[in-house]
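The lines below spell out each chain.
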Amino acid sequence: MKFSDGKLLILIFVLSFALFFSGIGLYDIFFLDEAKNAACAQEMLMNKSWIVPTFNGEIRTDKPPLHYYFMIISYYVFGYSPFAARFFSALFGFLSSMLVYYLSCKIYNKRVALLSLLVFISSIHITFQFQWAAPDPYLIFFMLLAFSGIIIYDKKKETKWLWIAFAAIGFGTLSKGPVSIVLPAIATFLYLIFTKKIRWVSQNAHRVGFGSLIVLIIVIPWYIMVHFASNGVWTEGFFLEHNFNRFLSEKEGHGGPFVIMFIFVLTGLLPFSAFIFHAVRNVWINRQKDQTGFFMLIIGLTIVSFFSISRTKLPGYITPSLPFFAIIIGSYIDRILNKNLQDSYAKKTYMPKDLMWIGGILVLILSIAIPIGIFIAFKNEQLFQDVAYLAFPFGILPVGALLAIYFMNKGNLKKVIIAYAGSSIIAVFYFHIIALPAIVELNPVNRSKEIWQDSDLIVAYQRYNPAYNFALQRNIDVIGNEQNLLRYIEEHPGTIILSTREKLNELERGDFDVLFEGKDLFENPTSVIFKKSEMN
């Protein structure tokens, strides 16, 4: 295999595009946050409201507007559909993969770039994160672009990349808020401290000042407009509730110990996390010779450590660190390919054999746990029992891990790479094109379609699944108390009510017929649709 072959490069680019776009239109909008994001952009377009994000007529303070704007463009081009809602998320995934290639090529060489790209696109976690109508894909891309600009400027002294970095920080802040400023600032400061370059700040104060101005020009206009347009409601909700409170307190049961975020890195980089221990070790040993690799390690550890301190922890939080760990791993594999794997074992210069086996066995264990864990979880959940068979094809992952260990023992690193990448890429396509659509078919919105799709008299009682908004392509009146609900259905006979089993059980008066009941996918609530009993 010739890693520098142009045909191989085109093949991997096409493969990357296919991986990120695979299946994005094959299943409904169903995650609660994704549903609110997609419906919010839909509502903004319908109402021609370009400043204040709203969901179901109420201000949505969760995130800034950039992902809404891209979804609006997509709706305008493709119409309202899950494909349109996820289109730009997938596109930014592909662009992120291209940026991983470009940065690696710019700093190292083409082979490192191809290896880093292969590590990046082989991850089920990474492709999964870029397939949702959410702000995260935009944050990941712009944070990657920001750090790429800083790294290239530090390495090549190309000033334009510094301005690109500041612009990316600005757009990242419009994607998910101040975290896009805080993380680059902390990581860059630590890098300057550890490499004894802290004088750079004072020597380049004018550039930092101009760059900060670029950030302010991009960020401030919308933040000011939304503050005044919402009478401060959006500002208070976003900064206090969705930033400070989310960081300082556990939200929606998403917590965990400090170490869990590092575990998410290992699972997020599967299967190439087999190399993460020796790759990090190698960066540390060579931190004086390869300061760029050391900077990437600082970036990755800064992001993971920051969210480890946060009381709210989600697997997606660490994803902005993964492109840099992918490049660290790609660079490390390239170094081994320049040597002989058996010589590396013998001399313990790049890959001590015992450390290699630890990584390989760890990936094998995790790979075995995936199909077994899915099967057991589905068998223990009544909703998923009939689709538990979907777990079996993920057996390709432990097969690939076993082959990789075999080739490790033989000292054939190229076949190790092929075993890992081949098995994981097959699993990614299977997950997005076959498994996930089959699972999402079981979501309550889809299963209750015959009830709601032809009805004009639909309201919600207190809490309900927001995916109904996107499916109906309109707002749903929400009734807040029992008295008003009873009055409404008395005045509007035949009304069907969307709610949850918990809220239905709380109703003390009135007789109701339950038309549908089904648990929300991967969420705690059970959705119900009911109406006033015709016996009354």
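Residues numbered from 1 in each chain as written. Predicted model: local features only at pLDDT ≥ 70, side-chain atom pairs only at ≥ 80, totals over all residues. Heavy atoms only, no water.

Caption draft 1: Structural context of the layout of surface pockets. Roughly 570 Å³ of internal volume is contained in the second largest pocket. F166, A185, T188, W200 and V208 are, among the 25 residues lining the second largest pocket, the residues nearest its centre. At the level of elements, helix 7 (136-156), helix 8 (159-176), helix 9 (179-194), helix 10 (199-203) and helix 11 (205-229) are the ones that each hand at least two residues to the lining of the second largest pocket. By residue number, the principal contributor to the lining of the second largest pocket is helix 9, which donates 7 residues. Classifying every residue of the lining of the second largest pocket by side-chain character gives 20 nonpolar, 2 polar and 3 charged. (1 Å grid on protein atoms, 1.4 Å probe; cavity = no way out; pocket = protein on both sides within 12 Å on 5 of 7 lines; lining within 4 Å. Points joined across faces, edges and corners; volume = space filled by probe spheres on them. Helix = DSSP H or I, 4+ residues; strand = E, 2+ residues; numbered from the N terminus. Nonpolar A, V, L, I, M, F, W, Y, C, P; charged D, E, K, R; others polar.)

Caption draft 2: Here's a closer look at empty space enclosed by the protein. In total, this model carries 2 cavities of 30 Å³ or more according to the counting rule given. Quantified by volume, the largest cavity comes out at close to 80 Å³. As for the largest cavity, its lining consists of Y108, A279, N282, V283, N286, D290, G293, M296, I328, S331, Y332 and R335. Looking at which element gives the most residues to the lining of the largest cavity, the answer is helix 16 (residues 322-338), with 4 residues. In terms of residue class, the lining of the largest cavity is made up of 6 nonpolar, 4 polar and 2 charged. In this model, the second largest cavity occupies a volume close to 30 Å³. Around the second largest cavity, the lining residues are F30, L32, N443, P444, N465, D520, L521 and E523. For the lining of the second largest cavity, the class distribution of residues is 4 nonpolar, 2 polar and 2 charged.

Caption draft 3: Inspection of the packing of helix 1 (residues 6-21) against helix 4 (residues 82-107) at higher detail. Between helix 1 and helix 4, the least distance of the axes is 8 Å, while the angle of their chain directions is 150 degrees. Relative to helix 4, the element helix 1 lies roughly antiparallel. As for the relative orientation of helix 1 and helix 4, their crossing is right-handed in sense. Facing helix 1, whose interface residues are L9, F13, S16, F17, F20 and F21, helix 4 presents F87, A90, L91, G93, F94, S97, M98 and Y101. For the contact of helix 1 with helix 4, the per-class residue count stands at 11 nonpolar, 3 polar and no charged. (Axes fitted to C-alpha atoms, helices over the stretch in contact; angles between N-to-C directions. Parallel < 35°, antiparallel > 145°, perpendicular 65-115°, else oblique. Left-handed = near helix turned anticlockwise from the far one by under 90°. Contact = heavy atoms within 4.5 Å.)

Caption draft 4: The packing of aromatic side chains, seen in detail. Using the criterion set out here, one finds 56 aromatic pairs in the structure. When the centroid spacing of 5.1 Å and the interplanar angle of 85 degrees are considered together, the rings of F87 and F88 count as edge-to-face. When the ring of F258 is compared with that of F262, the centres are 5.8 Å apart and the planes differ by 35 degrees; the resulting orientation is tilted. Looking at R287, its charged tip hangs above the ring of W284, at a distance of 3.9 Å from the centre. (Phe/Tyr/Trp six-rings, centres within 6.5 Å; stacked < 30°, edge-to-face > 60°. Lys NZ or Arg CZ within 6 Å of the ring centre and 35° of its normal.)

Caption draft 5: Geometry of helix 11. The terminal C-alpha atoms of helix 11 lie 35 Å apart, and with 25 residues this matches the ideal 36 Å at 1.5 Å per residue to within 8%. For helix 11, the principal kink sits at V219 and spans about 35 degrees; a proline, P221, occurs within the next four residues. Three or more residues of helix 11 are buried, namely G211, I214, V215, V219, W222, Y223 and V226. Residues of helix 11 that are buried in the fold lie against helix 3 (66-78), helix 8, helix 9 and helix 12 (233-248). Positive phi appears at N231, one or two residues downstream of helix 11, with a value of about 55 degrees. (Expected span 1.5 Å × (residues − 1). Bend = angle between axes of the 7 residues up to and from the residue. Buried < 20%, exposed > 50% of the residue type's maximum accessible area, 1.4 Å probe, protein only.)

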